[in-house]
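Reading the structure
Here are the chains, one letter per residue:
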Amino acid sequence: MEKIEIKGIPNSLARLIGFELGVHVYEQNNLNKIDLNNKVEIVFPRTIEKISSSFVQGFFAGFVKKVGKNTAKEQVVIKMKDDNLTDLFYKKLY
């Protein structure tokens, strides 16, 4: 499984909020180049404390456009600083 560490989020930013920011992080990390025929693990910085639904939807918009929401959720494994935040990320996708 390919592993991608999200870059470009300042350490001072503890909350990820907004559709536009989600799209920006997706584009800044060139995630459109990921081959979703194989699973990929995307690791967010440990400094992130909270995420909004709008950020998650913006971040996943490119994946959903490529392969649909269900396939994107199966192929893209999100890792946040703890399991609760990871679970919250997936809940906000729907």
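What you see is a predicted model, and the numbers here were worked out from it, not measured in a lab. (Residues numbered from 1 in each chain as written. Predicted model: local features only at pLDDT ≥ 70, side-chain atom pairs only at ≥ 80, totals over all residues. Heavy atoms only, no water.)

Let us look at the overall build of the protein. Broken down by element type, the protein carries four helices and five strands. Element order for the protein, N to C, with α for helix and β for strand: β-β-α-β-β-α-α-β-α. For a compact globule of 94 residues, the expected C-alpha radius of gyration is about 12 Å, and the protein comes in at 12 Å, within 12% of that figure. For the protein, the spread of C-alpha atoms along the three principal axes comes to 35 × 25 × 25 Å. Counting over 94 residues, the protein shows a buried share of 41%. Contacts spanning at least 24 positions in sequence make up 77% of the contacts within the protein whose residues lie at least 6 apart. (Helix = DSSP H or I, 4+ residues; strand = E, 2+ residues; numbered from the N terminus. Rg over C-alpha atoms; globule rule 2.2 N^0.38 Å. Buried < 20%, exposed > 50% of the residue type's maximum accessible area, 1.4 Å probe, protein only. Contact = heavy atoms within 4.5 Å.)

Once that is clear, we can look at the nonpolar core. With 27 residues, the main nonpolar core has Ile 42, Phe 44, Phe 59, Phe 63, Ile 78 and Phe 89 as its most contacted residues. Counting residues per element, the ones that place at least two in this core are α1 (19–28), β3 (40–43), α2 (53–67), β5 (76–79) and α4 (83–93). Once residues lying within four places of it in the same chain are set aside, the contact partners of Phe 89 are Phe 44, Ile 51, Phe 55, Val 56, Phe 59, Phe 60, Ile 78 and Met 80. (Core = buried A, V, L, I, M, F, W, Y, C linked by side-chain atoms within 4.5 Å.)

What follows covers the pattern of salt bridges. Evaluation of the coordinates by the stated rule reveals one salt bridge. When the shortest N-O distance is used, the salt bridge between Glu 49 and Lys 81 registers 2.9 Å. Of the two residues, Glu 49 sits in the loop between β3 and β4 (50–51) while Lys 81 sits in the loop between β5 and α4, which places them 32 residues apart along the sequence. In this structure Glu 49 comes out as partly exposed when scored by relative accessible area, which is 43%. (Salt bridge = Lys/Arg side-chain N within 4 Å of Asp/Glu carboxyl O.)

Turning to the pairing of β3, a few remarks are in order. Burial along β3 is two-sided: the residues Val 40 and Ile 42 and Glu 41 and Val 43 are all buried. Pairing between strand β1 (residues 2–5) and β3: four bridges, direction parallel. Directly across from Ile 4, in β3, lies its bridge partner Ile 42. Looking at chain direction, β3 and β5 are connected through four bridges and run parallel. Bridge assignment links Glu 41 to a residue of β5, and that residue is Val 77. (Pairing = 2+ DSSP bridges.)

Now for α1. Buried within α1 are the following residues: Gly 22, Val 25 and Tyr 26. Along the axis of α1, the buried residues cluster in a sector spanning 100 degrees; they form a single face. Of the exposed residues in α1, the ones pointing more than 90 degrees away from its buried face are Glu 20 and Glu 27. In this structure, the buried residues of α1 make contact with α2. Among the residues trailing α1, Asn 30 stands out with phi positive, at a value near 50 degrees. (Arc of directions from axis to C-beta.)

Everything listed here is a matter of geometry and, on its own, says nothing about what the molecule does.
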